Every structure is written in C-alpha cells, then in structure tokens.
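Analysis of the macromolecular model
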Amino acid sequence: MKKTILLLMAAVVLVLSACGNASGDSEIDTIVLADAGWDSIKVHNSIAQRIIEEGYDYNTDVTSGSTAATVQGLRDGDIHVYTEVWTDNIKELYEESIESGDIEQLSVNFDDNVQGLYVPSYVIEGDPERGIEPLAPELETVEDLKKYPEVFQDPEDPSKGRLINAPSGWAVEQAINEKFETYGLGETFNNFGPGSDAAIIADLASAYEAGEGWVGYYWSPTAITAKYDLTLLKEDPYDEEQWNEDKSTEFPPNDVVVAVHKDFPEQAPEVTEFLKNYETSSALTEEALNYMEENGASPEEAAEWWMKEHEDVWTSWVPEDVATAVQESLQ
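Presented here is a report on the structure given in the accompanying data block. (Residues numbered from 1 in each chain as written. Predicted model: local features only at pLDDT ≥ 70, side-chain atom pairs only at ≥ 80, totals over all residues. Heavy atoms only, no water.)

**Remarks on the layout of surface pockets**
- Considered as a void within the structure, the largest pocket measures approximately 360 Å³ in volume.
- Around the largest pocket sit 19 residues that line it, and D88, N89, K91, W243 and K247 are the ones nearest its centre.
- Breaking the lining of the largest pocket down by element, the ones donating at least two residues are helix 4 (91–99), helix 6 (172–182) and helix 9 (240–246).
- When the residues that make up the lining of the largest pocket are grouped by side-chain class, the tally is nine nonpolar, three polar and seven charged. (1 Å grid on protein atoms, 1.4 Å probe; cavity = no way out; pocket = protein on both sides within 12 Å on 5 of 7 lines; lining within 4 Å. Points joined across faces, edges and corners; volume = space filled by probe spheres on them. Helix = DSSP H or I, 4+ residues; strand = E, 2+ residues; numbered from the N terminus. Nonpolar A, V, L, I, M, F, W, Y, C, P; charged D, E, K, R; others polar.)

Structure follows, in structure tokens:
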C-alpha cells in the first residue's frame, strides 16, 4: 500500500511539474506577433521578425484578426507581441489591460500621428493642373459636410452623400458612428462600412484619379496620405470630457506603442530589451509604406528595404553582435 501511495505521489509531482513547464512562465520557441490588418503594423512586424529571427534565433509567427480579437489574444498570451497598439483608439480596453497586469507596455513606437475624416484637397481648393474647379470651396469642418451631399454622392443612393467609415471590427469604427450622429450627417449622408483597408484605398484611388468627391476615415502615417494630397477636416480641439460625451472633437492624441503579454519579459528577456528600444516616427514609417506603394512590394520587402536605408536607426536598438547577425542576413 505504501509503495502504491508513493508511486501515486510521484506521479502527481511529475504532472504538476509538467504543467508548470507548460505555463506562461516557461521559455518559448516561437514568438507570435499581432496583425490587426493595416499596412504599417505589417511592416513593423516584419522589421521585428527579421531582428528576432536572425539576431536572437527565435522562430516567429503572426496571428491576424480584428483589433478586439488581437488585443484579447495578447491578454490571454496566445499573442506575445503587438508592435502597433493605437492606445487611445481602445483607451478603456488598453487601460484595463495594463491595470490588470495582463499586458506590459515596452516602448512608444511613434506618437506623431493623426487620424480623422479626409477629403482630397482639390475638393476644397480645386486643381488647375488637372482642370478641376473647387467642388466645395467653403468646406472646412466635419459638420460642414451636410451642406455638400451632392459632392459626395452615394452611387447606391444618389439622394444622399456617402461617407466611408473604418472597416467593421476596427476600434475606430464606433467613434466614426458617434460622430456621424453628433454632427447630424444622417440627414444627408449614408454611413458606409467598407470591408477592409484595401477597399477604402481602392475607393479613394478611383475617386481621386477621376477628380471626384470623396470623404472618409483615414490616418497617417500611411502610403496613401503620402501619395495623395488630402485635407483633414477640422473639428474642435481634443477635450477628454467632450470626446467621451459625443466624440465631437479631434481624435485624442495617440501614443502608438509596443506592448507584450505579461509573461513575455521572463520568456524572452533579450528580445524584451530590444523591444524596449523600438522607436520610429510617422515619417520613418511612411517611407516604408511609400516603398510598398510605389514598387508593389510586400511588407516583408518594404521592411528589408527600410532596414538597409535606416541601418543607423535599428542597429541602435540591439547589441552589436545582434546587429551584425541581422546585417549579414540583409546582404
């Protein structure tokens, strides 16, 4: 009987030990990054993956999904690294995740970004070189839009204009919905939900090349805001109380940060130190996005080009031996 009990106790210890090794505190072989669907996060993921794989000898993978799904994946530990958390777009969720200790912010990737509702500048100013007269010369604010539905005519409902929202599942979509109601745009506009970022780009490009009216959500840094002459429609300066009440201000200032799951610093301490140094800017990010746009390049190709162009930037994030290993992979 004693032998049986001892064997059972030994088995329990082994099981518990195995469970401990499988917990979030154990080492990992593959580092998983979040892809919430826009080009800049894909580029930053590709830069980070090249450094993590070649410099630190980890495998990497990417999990794609909506903002909500990928942030939840980060909280749960199914995703380890998020290279572009737009913190004020998901302010409550982000603050809750930080306060609960589920995730940890390591660095600010960039904080010189803007977002909101844009129109092509020729809509307001005209474009003499293209023979385009101003379509809405007195358009300045988001609220002014309701005076010009005919300029932004909805092809499926010509009696109203069309405003292009963010894709469904993006955190910013609800903010645009609230703005739409606050400014009373529903009287003269339809609130159109595109299926993806690519759908927004295709719609804007088509209207821009034709010199037609277009209004919709976008942000900078992107290849599109670099390629096209766009004007951000004005709103009241950001005020937290007013924003929380009805979204009738500019978007909040947005720190775009690198965040990781709570266990990641113990799982991969050297990679954590690298990510603590990860810092770019809207201008630097937009260079990679421009390269993608002008060359039909993939995010991986754009990241490789960017790393060759800005060796001084990324090598400052890592020790010399890591930088050397990554440089050799870029030859």
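**A closer look at the packing of aromatic side chains**
- Applying the stated criterion across every chain yields a total of 17 aromatic pairs.
- On the numbers, 6.2 Å between centres and 50° between planes, the contact of Y217 with F251 is tilted. With Y217 in strand 9 (residues 216–220) and F251 in the loop between helix 9 and strand 11 (256–261), this pair connects stretches of sequence that are 34 residues apart. Each member of the pair, Y217 together with F251, is buried.
- Following the ring pairs from residue to residue traces out a cluster consisting of W38, W170, Y217, Y218, W219, Y238, W243 and F251.
- Geometry around F192 places R162 over its ring, the cationic atom sitting 3.8 Å from the centre.
- Sitting above the plane of the F251 ring, K179 keeps its charged end 4.9 Å from the centroid. (Phe/Tyr/Trp six-rings, centres within 6.5 Å; stacked < 30°, edge-to-face > 60°. Buried < 20%, exposed > 50% of the residue type's maximum accessible area, 1.4 Å probe, protein only. Lys NZ or Arg CZ within 6 Å of the ring centre and 35° of its normal.)

**Looking at the environment of S100**
- With respect to the element layout, S100 can be found in the loop between helix 4 and strand 4 (103–110).
- As a C-alpha pair, S100 and V114 span 14 residues in sequence and 29 Å in three-dimensional space.
- In terms of polar contacts, S100 uses its side chain to reach the backbone carbonyl oxygen of S97, at 3.1 Å.
- Within the structure, S100 has its side chain in polar contact with the side chain of D102 (distance 2.9 Å). (Polar contact = N/O pair within 3.5 Å; in protein donor to acceptor, adjacent residues only side chain to side chain.)

**Section: the side chain of T60**
- In this fold, T60 is placed in strand 2 (residues 59–64).
- Among the residues examined, T60 registers a relative accessible area of 15% and is labelled buried.
- Side-chain polar atoms of T60 contact the side chain of Q49, separated by 2.8 Å.
- Within the structure, the side chain of T60 is placed 2.4 Å from the side chain of E53, a separation counted as a polar contact.

**Structural notes on the pairing of strand 2**
- Here strand 1 (residues 30–35) runs beside strand 2; their pairing, made up of six bridges, is parallel. Directly across from A34, in strand 2, lies its bridge partner T63.
- Running through helix 2 (residues 39–56), the crossover from strand 1 to the neighbouring parallel element strand 2 is right-handed. (Pairing = 2+ DSSP bridges. Right-handed = clockwise from strand over helix to strand, strands pointing away.)

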